[in-house]
Each structure stands twice: as C-alpha cells, then as structure tokens.
Amino acid sequence: MDVDTRLLRYFIAVAEEGSLSRAAERLFVSQPALTKQIKQLEAQLGVRLFTRSRAGMALTEPGQVLAERVPALLADWGKVLRDTKSAAGQAARVLRVGFVASAANEATQRIIAAFARRRPGWRVEMRQAAWSNPSAGLTAGDVDVALLRLPFPGQDTLRVKVLFTEPRCVVLPTAHPLAVRERIAFRDLWDEPFVAAPPETGSWRDYWLATDARDGHPVRIGAVTDQPDDWLSAIANGYGIALAPESATRFYARPGVTYRPVSGVSPTQVAVAWASTADTSPVVQDFVRCCLSSGGRRGDETTT
C-alpha cells in the first residue's frame, strides 16, 4: 500500500498541534480540506488515528504508533528530495532563489550581480511566490535560499539574517477621505475594512493587519487576495485599505491608489533565509555573503 507523504505531513501536524484549526494554519490549508485529508489517510490505513472532541484531536493507540515513526520518515524523505533537487541545480549551475513581492527591493540586482562575479557560470533563478506561501517555497525545499519579509510562519526552523528594515505605510483608494492627510495614525484606521492575505497564512496575515497594534479591536476584512495585482485592484476599487512596506510606493505605484506614512505600527524587515542543511553548501553561503555585502546591514541569525 502506498501512502502520499503529504497525508503524513498533515497527520503529524494535527498530532503535534492537537487541533485541526491550528494545524490548518500551520499548513496553510483550510480546515475542511485538512479534515478530508485526515479521513482519507484513516481510510487508506483502515484504522482510526484520532478521537475528536470539543477539546481537540487526541491520538488513538494506532495513531500514537504512527506519530512516533512519521517524523523520522518524513525527515529522511525530505532530505532525499532536497539532495536530489540540489544535485540537479548543481549540475545545471542554477541557484533557486525564492521571493515574495519585491524581494530585496533595489538591492536584488546588486546581490545577483555580486553572486555572478563570485560564481562565474552560475545563474540565479528567481522564483516569485504568492502571499499564501510566505516562505517562498523554502520550507518545502522548492528553493535553495529565499529573500523574505519578516516575520513569516516557520522562520524559527530556518537560518535567517536580516538585511535591512523599512517602515510600513498605508495604502488607500485615492478617493478615500484620509488620503489627503500627510501622515495617518493607525488608530484612525481600526474601523476601516482591510484587504488581507488568505486566512491560511496565519501569523503572516496577522502581521500585515497589525493585529498586535489594535488593543484588541476587531479587524474588518473587505477582501482577500493572494497576488499584488489583485491586491492593488481591490484597494483601487474601494474594497479596503492595507499596510505595505514603504518600498511599495516605488514598486507598486498605480492610478487610483495612494500611499501615506502611518504611525503606530512597527517597521518590517527583509532577510535572507536558508535551511540548516544548506550550512555546508558553498554556493548558498556565497549567495548569503552577497546578500550581506550588497543588501544592507548585517542582521542577527536565528537558528533552530
């Protein structure tokens, strides 16, 4: 019997979280979809893995046995996949770099140019990810290294070095009454509808809604988008406002959309991130050095 490793990843997330909702947030999937996958795994194995109650999801005895074995199995399989993809990249002399939105802003071209000088014959393949994938494929092993916005879910399991910090601003429809202000206090935006990332992104979505700066005031969601173009259209059409990095004023200028400085929210950071397994990769480490020398000031490292 063959079992999809995706089902095993879903199973272990529920087992570790003890909750379908928390596991769904961690996996960036909807709760109904996760429930369906767990039922599918139980049907394939012919055993009940969880007992469900209002308190959450508790492992059955067969579920406990599976939970003890699955992490090592997935770790081995993940290493096989990463090594295989990395070998393919090495053979083709291609470094896969994931990014979200504008990557490292204007520093991106300097970083790539510096890497080309350091590694003649190598090519950087930039892979843009949707906002529903805030690690840009790094946690899944789809890329070798990534230029990311902090914070993002799962960053504590990766190596992270901050490149630079920039303020957040507010993005409004040009016709919005507050758009005439030179600077806007975030408190004045609490009752405004916001254009948000998908709910599955969890803490990523919360950060860009600045839930920690609302003193418990509930968030109003006017629209949900997953791509910059859809995000800009929703704002221009009056479905809501949004927070964005200050650099968005340069990279995402658009008729019908106005950017204004905002007070009362923390700045955002751009970082280079990679998996601990790439600590011994000379190519990845060369790219990291290029980021640190070309992308901005050196930041702190986060390790597992």
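Residues numbered from 1 in each chain as written. Predicted model: local features only at pLDDT ≥ 70, side-chain atom pairs only at ≥ 80, totals over all residues. Heavy atoms only, no water.

**Q** I tried to follow the packing of aromatic side chains on my own but got confused; where do I start?
**A** Considering all chains together, one arrives at 6 aromatic pairs under this definition. Judged by centre distance (5.5 Å) and plane angle (50°), the rings of Phe11 and Phe50 are tilted. Of the two residues, Phe11 is situated in helix α1 (residues 5-17) and Phe50 in strand β1 (residues 50-53); the sequence distance between them amounts to 39 residues. Judged on exposure class, the residue Phe11 and its partner Phe50 are both buried. The interplanar angle of 70° and the centroid separation of 5.8 Å between the aromatic rings of Phe115 and Phe287 together place this pair among those described as edge-to-face. Taken together, the positions of Phe115 in helix α5 (residues 107-118) and Phe287 in helix α9 (residues 282-294) put the pair 172 residues apart, joining distant regions of the chain. Phe287 shares its class with Phe115; the two are buried. Members of the aromatic cluster, each reached through a chain of ring pairs, are Trp204, Tyr207 and Trp208. (Phe/Tyr/Trp six-rings, centres within 6.5 Å; stacked < 30°, edge-to-face > 60°. Helix = DSSP H or I, 4+ residues; strand = E, 2+ residues; numbered from the N terminus. Buried < 20%, exposed > 50% of the residue type's maximum accessible area, 1.4 Å probe, protein only.)

**Q** Whenever I open this one, the sheet that holds strand β12 (residues 257-263) confuses me. Can you help?
**A** Whether parallel or antiparallel, the strands of a sheet pair through hydrogen bonds between backbone atoms. With mixed pairing, the 4 strands of this open sheet are ordered in space as β8-β12-β7-β11. Edge positions in the sheet fall to β8 (184-185) and β11 (242-245), since each of these pairs with one other strand and no more. (Pairing = 2+ DSSP bridges.)

**Q** Help me understand α5, please; the structure alone is not making it clear to me.
**A** One turn of an α-helix holds 3.6 residues; hence residues three or four places apart share an orientation. An ideal rise of 1.5 Å per residue puts 16 Å on 12 residues; α5 measures up with 16 Å between its terminal C-alpha atoms. The secondary structure elements touched by the buried residues of α5 are β3 (94-100), β4 (123-129) and α9. (Expected span 1.5 Å × (residues − 1). Contact = heavy atoms within 4.5 Å.)

**Q** So what exactly am I meant to see when it comes to the environment of Gly56 here?
**A** Checked against the element boundaries, Gly56 lands in strand β2 (residues 56-59). Separated by 39 residues in sequence, Gly56 and Glu17 have C-alpha atoms that sit 9.1 Å apart. Contacts of Gly56, omitting those with residues within four sequence positions, involve Gly18 and Thr51.

**Q** Explain the nonpolar core to me, please; I cannot follow it from the model alone.
**A** As a rule of thumb, soluble globular proteins bury nonpolar side chains together. By size, the foremost hydrophobic cluster in this structure holds 50 residues, and its most contacted members are Val100, Val170, Phe186, Leu189, Trp231, Leu243 and Tyr259. With sequence-adjacent residues up to four places away left out, Trp231 is seen in contact with Trp131, Val171, Val195, Thr225, Ala242, Leu243, Ala244 and Tyr259. Leu95, Trp122, Val270 and Val284 belong to the second largest nonpolar core, which has 26 residues in total. (Core = buried A, V, L, I, M, F, W, Y, C linked by side-chain atoms within 4.5 Å.)

**Q** What is the right way to read the pattern of salt bridges from this model?
**A** Oppositely charged side chains can form a pair if their charged atoms are brought close together. Summed over the entire model, instances satisfying the criterion amount to 13 salt bridges. A salt bridge links Asp144 to Arg96, with the nearest nitrogen and oxygen atoms 2.8 Å apart. Taken as a pair, Asp144 in the loop between β4 and β5 (145-150) and Arg96 in strand β3 lie far apart in primary sequence, 48 residues in all. In terms of burial, Asp144 and Arg96 fall into one category: buried. The shortest N-O distance in the salt bridge between Arg149 and Glu166 comes to 2.6 Å. On the criterion of sequence distance, the pair formed by Arg149 in strand β5 and Glu166 in strand β6 (residues 159-166) is long-range, its members being 17 residues apart. Each member of the pair, Arg149 as well as Glu166, carries the same accessibility label: buried. (Salt bridge = Lys/Arg side-chain N within 4 Å of Asp/Glu carboxyl O.)

**Q** Would you mind showing me how to read the state of the cysteines here?
**A** Defined simply, a disulfide is a covalent bond joining two cysteines at their sulfur atoms. As enumerated under the stated definition, the model contains 0 disulfides in all. Unpaired in this structure, Cys290 has its nearest cysteine sulfur neighbour in Cys291, at a distance of 7.1 Å. Residue class for Cys290 comes out buried when judged on its relative accessible area of 1%. (Disulfide = S-S within 2.5 Å.)

**Q** Would you mind showing me how to read the packing of α5 against α9 here?
**A** To characterise two packed helices, one gives the angle between the axes of the helices and the distance between these axes. The contact between α5 and α9 brings their axes to 9 Å, and the two run at 135°. Taken together, the axis directions place α5 and α9 in an arrangement best described as oblique. Between α5 and α9 the crossing geometry is right-handed. Between α5 and α9, the residues in contact are Ala107, Arg110, Ile111, Ala114, Phe115 and Arg118 and Val283, Asp286, Phe287, Arg289, Cys290, Cys291 and Ser294, respectively. The class makeup of the residues in the contact of α5 with α9 is 8 nonpolar, 1 polar and 4 charged. (Axes fitted to C-alpha atoms, helices over the stretch in contact; angles between N-to-C directions. Parallel < 35°, antiparallel > 145°, perpendicular 65-115°, else oblique. Left-handed = near helix turned anticlockwise from the far one by under 90°. Nonpolar A, V, L, I, M, F, W, Y, C, P; charged D, E, K, R; others polar.)

**Q** Explain the packing of α1 against helix α2 (residues 20-27) here, please?
**A** Two elements in contact, α1 and α2, have axes separated by 8 Å at closest approach and are oriented at 130°. Regarding the angle of α1 to α2, the classification is oblique. The hand of the α1/α2 crossing is right-handed. Every residue of α2 that contacts α1 at Arg9, Tyr10, Ala13, Val14, Glu16 and Glu17 is listed here: Leu20, Arg22, Ala23, Arg26 and Leu27. Its residues placed into classes, the contact of α1 with α2 shows 6 nonpolar, no polar and 5 charged.

**Q** Can you walk me through the environment of Asn133 in this structure?
**A** By the secondary structure assignment, Asn133 is in the loop between β4 and β5. Along the chain, Asn133 and Ala197 lie 64 residues apart, while their C-alpha atoms are 10 Å from each other.

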